[in-house]
Amino acid sequence: MMVNLENYEEYILLEADGELSEAERKELYAFLHLHPELKKELDAYKAVHLVPDAGLVYTGKETLIKKAGGGRVIALNRILMYGAAAALVVFLSIFLLNKQPGNTGIATTNIPDSKPVAVAPVPPTINTDTIKALHSPVDPIPYEKKNKPALVAKHKTKPAQKTTVTPAPQPKQEIIAKEQAPVKNDLIQKPTKRSIPPVPEIENLRTENIAKAEETLAIQPAPSKENSLLSSLPLREEKMQGFRDISDKVNEKIEQVRSVREQIKDSEITFKLGKKELFVVKL
Amino acid sequence: MELRDYNSCVTDWADAVFRFACKCTGNEEDARDVVQSSFEVLWQKRADVTREKAKAFLFQVAYRQSIDNYRKKSRITYKEQPEDERIVPQKQADLKRILDRALSKLDEQSRALVLLKDYEGYRYEEIAQIVGLSETQVKVYLHRARKVLKDYLVSVEHII
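Asker: Please clarify how the packing of helix α2 (residues 28–44) of chain B against helix α3 (residues 54–73) of chain B should be interpreted in this entry.
Answerer: Working note: a packed helix pair is described by the angle between its axes plus the distance between those axes. All names here are of chain B. It is at 9 Å that the axes of α2 and α3 come closest, and there the two elements cross at 135 degrees. In terms of orientation, α2 lies oblique with respect to α3. Viewed along their axes, α2 and α3 form a crossing whose handedness is right-handed. In this structure, α2 uses Asp30, Asp33, Val34, Ser37, Ser38, Phe39, Val41 and Leu42 to contact α3, whose residues at the interface are Ala54, Phe57, Leu58, Val61, Ala62, Gln65, Ser66, Asn69 and Lys73. Looking at the contact of α2 with α3 residue by residue, the class counts come to nine nonpolar, five polar and three charged.

This is the structure we're talking about:
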């Protein structure tokens, strides 16, 4: 575009602002050479070009400088929010852990229906040797059969009226051997394994007693220290049964606690807020 | 933008922003507030602003704050600038004062355009991005401001 008398002022202003290209500047100066009176306007516009005042300096730049590690301000309410979220996650995790199947936290005891076992009519003239033989130790019964009510005591208490019938104190060696013996699924112990001295006076009743003894042995709990302790106490059958139930429940709870402890051992709990992982707790 | 880049922006452009704010607001105290606010905004937005665009960002914030400051006060109170301790020829000192007074005659937007052009050397399109106008508008407003300043200077010279 050619510089003329109609657009020269625009060119002058652009030149004062330094916005003209090299070619445009040459064109403008060529026009001004032809019109020297217009050059004063260019000088006037260049004179009103402002110069920065070097005396104006901002004092206190150090207040604007940010330092490493302390430049970020975390609002207290955000800290409280993160803490509340972490506490909630902890409580939920503990609650869910306690809610695992089989761990209801309520003491329950599965007592199967006890089979009514009729008390064998023991004649008053029963020999104590026979009684001892009938109740001699047998192989241990599996753990799941422990809950079956023990009915051997009934046999023991009645004969005790005439003679002090107590379970034969088993030698310690025998007890240890039985505890280490493998658990047999076959719960019914045949009387033929035991040595029963023949008693002519009760020959007819012997077979009946043996049959009933087999039934009681099938549900007899394995001879344990607790049962032997309970059975040695001078308690009535009803209370004896209650104490056995309590001991069974306590044992059950102890086993549950041990199992939970084993389950959460070496596990990790990760606390997250949304998608952001806060921290990990290793148990 | 890293912490190091932000701090370099403070050392490089705090004075320039302060001079710009002083001329826009006409008041040193207000200019200090503008500078502090501008750098605080830059710090908050440092993740979104690169080092190369930080200067334009600072002037953009300073311009908006100066306009807001001016509109709050509704009129400008222009203070005498501190005397330059350097030995300046009398004629140039007079010219400087005349130009400062002429600058105060402009509206806040035109004044900002002249300052951005003369103090910082921004091009038309850069000024347009800072003040939020088109390049054509910047050219037109700036030319009008130059005419006002030239006419004022000529009239003063005639009086003198």
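Asker: What should I look at first to understand the pairing of strand β1 (residues 268–273) of chain A in this one?
Answerer: Side-chain positions along a regular strand alternate between the two faces of the sheet. Residues and elements named next belong to chain A. One ladder, built from six bridges, connects β1 with strand β2 (residues 276–282); its direction is antiparallel. Counterpart to Ile269 in the pairing with β2 is Val281. Hairpin connection between β1 and β2: a loop of two residues separates the two successive antiparallel strands, and Gly274 in this loop has a positive phi of roughly 70 degrees.

Asker: Sorry if this is basic, but what is going on with helix α10 (residues 237–264) of chain A here?
Answerer: In an α-helix there are 3.6 residues to a turn, and that puts residues three or four apart on one side. All names here are of chain A. Given a rise of 1.5 Å per residue, 28 residues ought to cover 40 Å, and the 41 Å separating the end C-alpha atoms of α10 matches this to within 8%. Residues of α10 that are buried: Glu237, Met240, Gln241, Arg244, Asp245, Ser247, Asp248, Glu252, Gln256 and Val260. Just past α10, the residue Asp266 takes up positive phi, approximately 60 degrees.

Asker: Is there a simple way to think about the interface of chain B and chain A in this case?
Answerer: Where the parts come together, the accessible area they lose is often given as the size of the interface. Opposite the 39 residues of chain B that make contact, chain A presents 28 residues. Of the roughly 3300 Å² buried between chain B and chain A, counting both surfaces, carbon and sulfur atoms make up 62%. It is B:Arg19, B:Arg146 and B:Lys150 that lose the most area in chain B upon contact with chain A, and together they represent 16% of the buried surface on that side. Across the pair A:Lys66 and B:Glu40 runs a salt bridge, and its minimum N-O distance is 3.5 Å. The tally of links between chain B and chain A comes to 15 residue pairs in polar contact (both at pLDDT 80 or more). Among the secondary structure elements, those contributing two or more residues to the side of chain B that touches chain A are α1 (3–25), α2, α4 (90–104), α5 (108–118) and α7 (135–159) of chain B. Among the elements that line the side of chain B that touches chain A, the one with the most residues is α1(B), at 10 residues. For the side of chain B that touches chain A, a count of residues per class yields 19 nonpolar, five polar and 15 charged.

Asker: What exactly am I supposed to notice about the nonpolar core here?
Answerer: Within soluble globular proteins, side chains that are nonpolar tend to cluster in buried spots. Residue and element names in this part refer to chain B. By size, the foremost hydrophobic cluster in this structure holds 71 residues, and its most contacted members are Phe20, Phe39, Leu42 and Val131. With 12 residues, the single largest contributor to this core is α1. Apart from the residues lying within four places of it in its own chain, the contact partners of Val131 are Tyr63, Leu113, Leu116 and Val138.

Rules and cut-offs
- Residues numbered from 1 in each chain as written.
- Chains lettered and ligands numbered in written order.
- Predicted model: local features only at pLDDT ≥ 70, side-chain atom pairs only at ≥ 80, totals over all residues.
- Heavy atoms only, no water.
- Axes fitted to C-alpha atoms, helices over the stretch in contact; angles between N-to-C directions.
- Helix = DSSP H or I, 4+ residues; strand = E, 2+ residues; numbered from the N terminus.
- Parallel < 35°, antiparallel > 145°, perpendicular 65-115°, else oblique.
- Left-handed = near helix turned anticlockwise from the far one by under 90°.
- Contact = heavy atoms within 4.5 Å.
- Nonpolar A, V, L, I, M, F, W, Y, C, P; charged D, E, K, R; others polar.
- Pairing = 2+ DSSP bridges.
- Expected span 1.5 Å × (residues − 1).
- Buried < 20%, exposed > 50% of the residue type's maximum accessible area, 1.4 Å probe, protein only.
- Buried area = accessible area lost by both parts, 1.4 Å probe.
- Salt bridge = Lys/Arg side-chain N within 4 Å of Asp/Glu carboxyl O.
- Polar contact = N/O pair within 3.5 Å; in protein donor to acceptor, adjacent residues only side chain to side chain.
- Core = buried A, V, L, I, M, F, W, Y, C linked by side-chain atoms within 4.5 Å.

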